[in-house]
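One-letter residues, chain by chain:
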Amino acid sequence: MGLANQILELLYDRQGGFFALEELVRATDADHAKVEEALVELTQRGHRFERSPAHGVRLMRPTVMDAHLIERNLSVEHIGRYVLCFNEVDSTNDIAFSSISQAAGQALVVTAEYQRAGRGRLGRKWFSPSGSAVLASVLLHRQASELPHEALTLAAGLSVAEGIEKSTGVTSTLDWPNDVVIGESKLAGVLVEVRGKEVVIGFGINIFSSPPAGKLSRRATCLAKELGGISSLERIEILRTVLGRMDWWVSALRDGLTDELHDLWCSRCGMVNRRIHIQSSGNRFTGRVIDVSPLEGLVVLNDNGQRLYFPAATSTIVK
Ligand code: BT5
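Everything quoted here is computed from the prediction, not taken from an experiment.

(A) Up close: the sheet that holds strand β3 (residues 82-89). An order of β3-β4-β5-β9-β8-β7-β6 is seen for the seven strands of this open sheet, with the pairing classed as mixed. Unpaired on one side and paired on the other, β3 and β6 (173-175) mark the two borders of the sheet. On average, each strand axis in the sheet is inclined to that of its neighbour by 20°, with strand direction left out of account. Note: strand β4 (residues 108-115) against strand β5 (residues 133-140), four bridges, orientation antiparallel. Bridge assignment links V109 to a residue of β5, and that residue is V138.

(B) Broad picture of helix α10 (residues 235-254). The end-to-end C-alpha distance of α10, which contains 20 residues, comes to 29 Å, matching closely the 28 Å that a straight helix rising 1.5 Å per residue would cover. Counting buried positions along α10 gives 16 out of 20 residues, so the element sits mostly inside the fold. One or two steps after α10, the chain reaches G256, where phi turns positive at roughly 80°.

(C) Inspection of the site of the ligand at higher detail. The full set close to the ligand counts 28 residues, and S91, R119, R124, F127 and K186 are the nearest of them. Between the ligand and S91 there is a distance of 2.7 Å, counted from an oxygen atom to a side-chain nitrogen or oxygen. A distance of 2.7 Å is found between an oxygen atom of the ligand and a side-chain nitrogen or oxygen belonging to R124. For the ligand, whose free accessible area comes to 790 Å², the fraction covered by protein is 96%. Of all the secondary structure elements, the ones that give two or more residues to the shell around the ligand are α5 (92-98), β5, β8 (185-195) and β9 (198-206). Of the residues assigned to the shell around the ligand, the class counts are ten nonpolar, twelve polar and six charged.

(D) Structural view of the pairing of β8. Taken across its eleven residues, β8 has eight buried, putting it largely inside the fold. Both strand β7 (residues 179-182) and β8 contribute to a ladder of three bridges, which runs antiparallel. Considered in β8, the bridge of V181 is made with K186. Adjacent in sequence and paired antiparallel, β7 and β8 are bridged by two residues, among which G183 carries a positive phi angle near 60°.

The rules behind these values
Residues numbered from 1 in each chain as written. Predicted model: local features only at pLDDT ≥ 70, side-chain atom pairs only at ≥ 80, totals over all residues. Heavy atoms only, no water. Pairing = 2+ DSSP bridges. Helix = DSSP H or I, 4+ residues; strand = E, 2+ residues; numbered from the N terminus. Axes fitted to C-alpha atoms, helices over the stretch in contact; angles between N-to-C directions. Expected span 1.5 Å × (residues − 1). Buried < 20%, exposed > 50% of the residue type's maximum accessible area, 1.4 Å probe, protein only. Near = heavy atom within 4 Å. Polar contact = N/O pair within 3.5 Å; in protein donor to acceptor, adjacent residues only side chain to side chain. Areas by Shrake-Rupley, 256 points an atom, 1.4 Å probe, with all protein chains shown as cover. Nonpolar A, V, L, I, M, F, W, Y, C, P; charged D, E, K, R; others polar.

Structure follows, in structure tokens:
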């Protein structure tokens, strides 16, 4: 490991605490000049430091998304083994698709601090103030992308909700197909896109703030608001936990555990028996939700007693 990453790990693991320069020199076996060079390199990577003559140096929080810290000891098999972090992009989903050759069959994750043209489902937009969110896209390698897309869509939303809960203790529910919500407010959204044989799962989680209500079709919330402050929130750890859950679900789906997906998804969803209007492939339908199927989509009983199936890729619930 290079000196810069070694120093970054030491400072990051101290969680905002100071490190005396002498201590860094001793811990890394480098001289003062090399430690200073490494700090400059880390600054160029976007990290910010505070210096104090009495206490030394500390890494300022919130930490910028950093590929080394995200990948470090991440125990995953199918996704998240190769991470690219950007400051500003159009959409992380686009970067993931266009980096297929660079990923060389590895499980790629792309993050950004800001998206100029973040996308939602069905042509809608995703907004996030710079540095306020986890914005990430996961490129599934061939075997994983051959899994049923309907099931992947549900598993993606569930992984985000589970990852948030595991890393922050904040419990959320799911609105079909994969909105992560608290009460009536949206905390995170997931966009699964397919191009040829490649599948990209993009997700945005509001961490430190959320866009103003005027920009959105429904209320939004963020983890800082739910927790009453930002001090305990570390985006890198939230992302790592979500990636761990997504990796687990990809394995589970390969092992055919769709019943488990159904049960855990439904346990977070309050839609069953709700009367809804749904738009699908240009037509509007009304009926009562009777189930969510990991293979066929939302199952609705219409007023004529017919059972209708709505795939996530082409359907959206309307108010
Ligand atoms: C989604 O679409 O919820 C999927 C959002 C996926 C975003 C990620 S970010 C990383 C990756 N790269 C991308 O370009 N996209 C993915 P949908 O269900 O269509 O919801 C979109 C609607 O949510 C918009 O029409 C707004 O009303 C609302 N919205 C936009 N930004 C929001 C935010 N930050 N928080 C809550 N709601 C938001």
